[in-house]
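Observations on chain architecture
Given next are the chains, with one letter for each unit.
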Amino acid sequence: MTERTRRTSEFGIKIQVDFYLIGWLYYLSLFLKSKRLYNDGNLSIINDNIKHDNGNLQYDINNMIIKRIFPFLDWFEGYGGATLRADLLAGITVALVLVPQSMAYAQLAGLPAYYGLYASFLPPLVAALFGSSRQLATGPVAVVSLMSAATLEPLATRGGEAFIAYSILLALSVGIFQLCIGLFRLGVVVNFLSHPVVLGFTNAAAIIIATSQLGNLLGVSVDEAEHHYETVYNVIVAATNYTHLPTLIMAILAFGIMFGLRKINPRLPNVLIAVGLTTVLSWSMGFDQTYKGNASSIKSEEITSKIKEYNKNLEEIEAISKNRTLTNTRLGETKHTKGRQSFEVLELAYQVEKMNHQIEETKKHARLLRKVLRAYNFESEKTPDGKRFFVPLGDKKPSGRVWKMKVGTKVITENDILFQGGGKVLGSIPKGLPQFAFPKVDMNVFLTIFPYAIIISLLGFMEAISIAKAMATRTGQRLDPNRELIGQGIANIVGAIGKSYTVSGSFSRSAVNLQAGAVTGLSSVFTSCIVLVTLMFLTPLLYHLPQSVLAAVIMMAVIGLINVKGLVHLWHAQKYDGFAAILTFLFTLAFAPHLDKGIMVGVAFSLGHYLYRNMKPPMAVLSRHEDGTLRNTDIFGLNRCEHITALSFDGSLFFANTSYLEDQILNYVSEKPNLKHIIIIGEGINEIDASGEETLGILVDRLRDRNVGISFVGLKDQALEVMKRTGLYKKIGENNIFRTESLAIEAVHSLAHENSTEKDCPLINVCYLR
């Protein structure tokens with residue numbers, strides 16, 4: 001046995017053992033839960049999930065547990081030929097949308113396009129097998145792709161080896177988090193992302209995604225700026241200087257095909273047809289025109305000197321970065337041995353900061369040179385022996401094809417300079433399956449990206465579960481959010497082993513799956529099989545696919561994410577919810593590509609406003625309305641009784657709002673010198689904590705010292721239990737606690753109105769409306 005074979009075997013055994021451990025832990029938890037239900041005599045949950053084939057309860061419990069671990073076994077109960085045909089047709093239909101869409105989303109995530117196919121191979125299958133929804137289509141999605149790129153851009157260069165490795169590690173961390181909260185049934189954590197925050201973020205993300213494709217759409221290249229709006233501005237400036245018209249025409253053609261087919265027949269795979277037709281057109285017209293030359297091919301000493309200067313800058317950056325890494329290592333070791341305040345530590349820290357400054361300054365100069373080199377337009381001169389020379393156009397109008405020099409973020413090899421005279425195409429895609437291996441875990445990187453992984457997990461799951469719930473409403477299927485989290489988590493973990501980046505449930509493809517007639521998750525299995533065939537045999541056909549067409553596919557996909565009506569609806573429902581959505585929207589746009597900051601602002605505002613509302617819950621003075629009920633005197637313009645104040649308090653009484661209740665009641669007392677009794681209508685009080693209970697006791701004493709009585713109406717059992725446990729119930733007196741307002745007013749009215757000059761009490765008639 002070779003060393004590689006042995007390691008592969010050990011790896012396979014390790015993964016198998018890990019999954020066995022997870023399975024048995026889950027099995028044990030379910031068995032204990034089932035045992036408890038059995039001992040309590042409560043078999044309702046068991047009866048909902050299993051069938052008593054032979055009356056043997058232990059067999060049924062084991063059968064239920066197996067199906068909980070492997071929920072896809074339920075698919076095959078009553079499964080027939082008609083269902084198989086429906087699932088097969090739906091799986092093929094979704095795959096026709098998924099293949100081109102996944103490649104576009106991979107580029108949005110900063111990865112080579114074929115990584116979208118890797119993300120479309122195992123994750124849809126695994127998510128369907130272990131998830132709860134039978135129609136949810138899992139795979140690459142726009143928002144998660146954008147979040148993945150935004151998370152990793154500060155750590156590595158887009159498309160580089162490190163960036164790809166970190167993308168796979170991010171998928172693993174997202175999967176671990178989703179699996180953990182699913183196993184521990186903590187799916188409620190998604191509630192911290194309120195609907196207004198998600199809606200505002202989604203609208204902003206759709207705009208960011210669409211505008212991020214402008215460069216590919218217009219055939220221009222610019223560096224990513226610190227803020228997204230700066231990048232968009234740079235793209236527009238570059239496009240005004242030069243736009244590759246064939247690239248733009250290809251994108252417009254793709255838009256026209258997709259829009260047209262969607263109008264003619266929505267069931268047609270408009271994305272696949274657009275991709276297929278434009279790829280054939282690109283191949284037939286020679287859309288991709290490239291030439292590999294060298295520095296001597298450029299007839300301009302000024303440009304060749306700039307190339308040398310640019311290369312020198314990149315080499316300096318690499319050298320300083322290596323030195324910084326070594327210095328950082330020495331700094332960590334010195335801190336450990338000599339303490340943080342030693343002279344050696346301070347000296348090394350100063351050297352690190354100095355090198356950081358040098359790197360930033362050199363990067364600025366390199367970006368400037370890169371911008372200048374990209375701006376050059378060339379005209380080609382061909383010699384009889386087939387060689388080409390490139391002459392800078394300057395202010396001259398081109399007489400033929402315009403050529404550009406491809407300038408990336410790596411050193412330009414002077415003997416291998418790529419010139420581009422056509423549009424950008426997808427290029428070569430590795431044929432066959434990805435190499436399966438567990439991602440290499442760098443703990444420093446893992447801990448850095450894990451907070452972002454939590455945000456991506458919650459966002460991705462909220463999108464997935466909202467889609468799944470909408471479909472479950474139509475199909476009548478029972479949905480388990482925690483089970484769906486487990487399915488999504490395992491899909492991301494297994495996907496990371498197969499070189500996938502982070503995936504989630506797709507709204508558009510799930511809708512296609514449902515409309516195509518999918519009955520079970522087997523449709524997603526068939527989708528994965530189609531992707532497998534594509535990876536094994538069809539990737540050479542995608543070489544000539546124009547990049548601008550993929551940009552058009554992304555833009556078409558995110559149009560549906562823009563929901564202005566939803567924002568307007570939120571504003572009409574509650575102004576503060578509308579404000580939260582708009583705030584999240586604006587800050588997400590402003591901070592992009594740092595998308596997490598926009599979400600944090602929205603979440604902070606939502607939680608802060610929730611706390612503020614609970615600090616000052618609605619309180620109102622009530623009087624008799626003409627329909628005989630008690631209503632808010634301010635809203636309905638009702639008179640108030642001089643001697644009795646009926647107050648409603650709508651909110652739990654806890655430490656944050658006890659002083660507010662006390663202050664409001666004492667204000668009412670001070671404003672009414674003839675006040676004799678206060679009735680607190682506490683139907684909205686769901687809970688009383690220790691601070692609330694203490695405040696009520698103090699309030700009772702202070703009011704009685706002023707000869708003002710106090711009664712409570714409609715208190716819930718949990719509130720009364722607190723009062724009874726602490727003795728407050730006796731202090732208030734059972735005769736001052738009532739079930740209805742009418743009983744309370746009838747009991748206190750006569751005593752409160754002794755020697756009163758008030759002719760018509762606004763409360764008295766309510767006494768007879770029992």
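Keep in mind it's a predicted model, so treat the numbers as computed, not measured. (Residues numbered from 1 in each chain as written. Predicted model: local features only at pLDDT ≥ 70, side-chain atom pairs only at ≥ 80, totals over all residues. Heavy atoms only, no water.)

Within the chain, the secondary structure is distributed over 29 helices and 13 strands. In terms of principal-axis extent, the alpha carbons of the chain reach across some 120 × 70 × 70 Å. Each of the 770 residues in the chain was classed as buried or not, and the buried ones make up 49%. Considering only contacts within the chain whose residues lie at least 6 apart along the sequence, 79% involve residues at least 24 apart. Positive and negative charge centroids in the chain, built from 74 and 64 side chains respectively, lie 7 Å apart. (Helix = DSSP H or I, 4+ residues; strand = E, 2+ residues; numbered from the N terminus. Buried < 20%, exposed > 50% of the residue type's maximum accessible area, 1.4 Å probe, protein only. Contact = heavy atoms within 4.5 Å. Lys, Arg positive; Asp, Glu negative; His and termini not counted. Charge placed at Lys NZ, Arg CZ, Asp CG, Glu CD.)

With that settled, the discussion passes to the packing of aromatic side chains. Enumeration over the complete set of coordinates arrives at 19 aromatic pairs. Relative to Phe 130, the ring of Phe 70 lies with its centre 6.4 Å away and its plane at 50 degrees, an arrangement referred to as tilted. A residue pair is termed long-range when its members are at least 10 positions apart, and Phe 70 in the loop between α3 (57-69) and α4 (81-108) and Phe 130 in helix α6 (residues 122-130) qualify at 60 residues. For Phe 70, a relative accessible area of 34% puts it in the partly exposed group. Ring plane angle 80 degrees and centroid distance 6.2 Å describe the contact between Phe 177 and Phe 450, whose orientation is recorded as edge-to-face. With a gap of 273 residues between them, Phe 177 in helix α8 (residues 161-183) and Phe 450 in helix α16 (residues 443-475) connect regions that are remote in the sequence. Each member of the aromatic cluster is reached from another via a ring pair, and the members are Phe 70, Phe 72, Trp 75, Phe 76, Tyr 79 and Phe 130. Here the basic side chain of Lys 724 rests over the ring of Tyr 729, its NZ or CZ set 5.2 Å away from the ring centre. (Phe/Tyr/Trp six-rings, centres within 6.5 Å; stacked < 30°, edge-to-face > 60°. Lys NZ or Arg CZ within 6 Å of the ring centre and 35° of its normal.)

Our next topic: the sheet that holds strand β10 (residues 644-649). Within a sheet, adjacent strands bond to each other through the backbone by hydrogen bonds, running parallel or antiparallel. Across the sheet, six strands lie side by side as β9-β8-β10-β11-β12-β13; this open sheet has mixed pairing. Two strands close off the open sheet at either side, each with one partner strand: β9 (630-632) and β13 (737-738). Relative to β13, strand β12 (residues 709-713) is paired through two bridges, and the arrangement is parallel. Residue pairing across strands places Val 713 opposite Phe 738, the latter belonging to β13. (Pairing = 2+ DSSP bridges.)

Here the focus is the environment of Asp 442. Mapped onto the fold, Asp 442 is located in the loop between β6 (417-420) and α16. What makes Asp 442 partly exposed here is its relative accessible area of 36%. In this structure, the C-alpha to C-alpha distance between Asp 442 and Tyr 166, residues 276 residues apart in sequence, is 9.2 Å. There is a polar contact of 3.1 Å between the side chain of Asp 442 and the backbone nitrogen of Asn 444. (Polar contact = N/O pair within 3.5 Å; in protein donor to acceptor, adjacent residues only side chain to side chain.)

Looking now at the pattern of salt bridges. On inspection of all chains with the given rule, the structure shows eleven salt bridges. Across the pair Asp 701 and Lys 731 runs a salt bridge whose closest N-O atoms are separated by 2.7 Å. Highlighted residues: Asp 701 in helix α26 (residues 690-705) and Lys 731 in helix α28 (residues 728-732), separated in sequence by 30 residues. Judged by relative accessible area, which is 34%, Lys 731 ranks as partly exposed. Via salt bridges that share partners, Asp 223, Arg 370 and Arg 374 belong to a single interconnected network. (Salt bridge = Lys/Arg side-chain N within 4 Å of Asp/Glu carboxyl O.)

It is characteristic of soluble globular proteins that their nonpolar side chains tend to be buried jointly. Counting residues in hydrophobic clusters, the biggest one holds 109 residues, and the most contacted among them are Met 103 and Met 147. The biggest single contributor to this core is α8, with twelve residues. The contact partners of Met 147, leaving out residues within four places of it in the chain, are Phe 201, Ile 455, Ile 456, Leu 459, Leu 595 and Ile 599. Counting residues in hydrophobic clusters, the runner-up holds 31 residues, among them Leu 647, Leu 661, Ile 665 and Ile 688. (Core = buried A, V, L, I, M, F, W, Y, C linked by side-chain atoms within 4.5 Å.)

Once that is clear, we can look at the confidence of the model for the chain. A residue-level look at the chain finds 91% of positions with pLDDT of 70 or above and a mean pLDDT of 85. In the model, residues 1-24 has pLDDT below 50 throughout and makes twelve contacts with residues more than four positions away in sequence or in other chains. Here residues 766-770 scores under 50 on pLDDT; set against residues more than four positions off or in separate chains, the count is 13 contacts. (pLDDT = per-residue confidence, 0-100.)

Here strand β2 (residues 290-293) runs beside β6; their pairing, made up of four bridges, is antiparallel. The residue bridging Lys 292 from the neighbouring strand is Leu 418, located in β6. Strand direction decides the pairing type here: strand β5 (residues 402-405) and β6, joined by two bridges, are antiparallel. The residue of β6 that forms the bridge with Lys 404 is Gln 420.

Here we have five strands laid out as an open sheet, ordered β2-β6-β5-β3-β4, and antiparallel in their pairing. The open sheet has two free edges, formed respectively by β2 and β4 (388-392), since each of these has just one partner strand. Pairwise comparison of adjacent strand axes, ignoring direction, gives a mean angle of 40 degrees for this sheet. Two elements, strand β3 (residues 378-382) and β4, share five bridges in a ladder whose sense is antiparallel. When the bridges of β4 are listed, Lys 382 appears paired with Arg 388. (Axes fitted to C-alpha atoms, helices over the stretch in contact; angles between N-to-C directions.)

With 28 residues, α4 ought to run about 40 Å at 1.5 Å a step, and its terminal C-alpha atoms sit 40 Å apart, in line with that. Largest kink in α4: about 30 degrees, centred on Leu 98, with the proline Pro 100 one to four residues after it. Trailing α4 by a residue or two, Gly 110 shows a phi angle of about 85 degrees, which is positive. (Expected span 1.5 Å × (residues − 1). Bend = angle between axes of the 7 residues up to and from the residue.)

It is worth spelling out a nonpolar patch on the surface at this point. A cluster of nonpolar side chains, namely Leu 433, Phe 436, Val 533, Met 536, Phe 537, Leu 538 and Leu 541, defines an oily patch on the protein surface of about 640 Å² accessible area. Position of Met 536 relative to the elements: it lies in helix α19 (residues 522-538). We classify Met 536 as partly exposed; its relative accessible area is 31%. (Patch = residues over 30% accessible without salt bridge, like charges linked within 9 Å, V, L, I, M, F, W, Y side chains within 5 Å. Areas by Shrake-Rupley, 256 points an atom, 1.4 Å probe, with all protein chains shown as cover.)

Direction vectors running N to C along helix α9 (residues 195-212) and helix α22 (residues 575-591) enclose 30 degrees, while the axes themselves pass 7 Å from each other. What the angle tells us is that α9 and α22 run roughly parallel. Note that α9 runs across α22; the crossing there is right-handed. When α9 is examined against α22, the residues Pro 196, Val 197, Gly 200, Phe 201, Asn 203, Ala 204, Ile 207 and Ile 208 are found in contact with a partner set consisting of Asp 577, Ala 580, Ala 581, Thr 584, Phe 585, Thr 588 and Leu 589. Here the residues of the contact of α9 with α22 are counted per class, giving ten nonpolar, four polar and one charged. (Parallel < 35°, antiparallel > 145°, perpendicular 65-115°, else oblique. Left-handed = near helix turned anticlockwise from the far one by under 90°. Nonpolar A, V, L, I, M, F, W, Y, C, P; charged D, E, K, R; others polar.)

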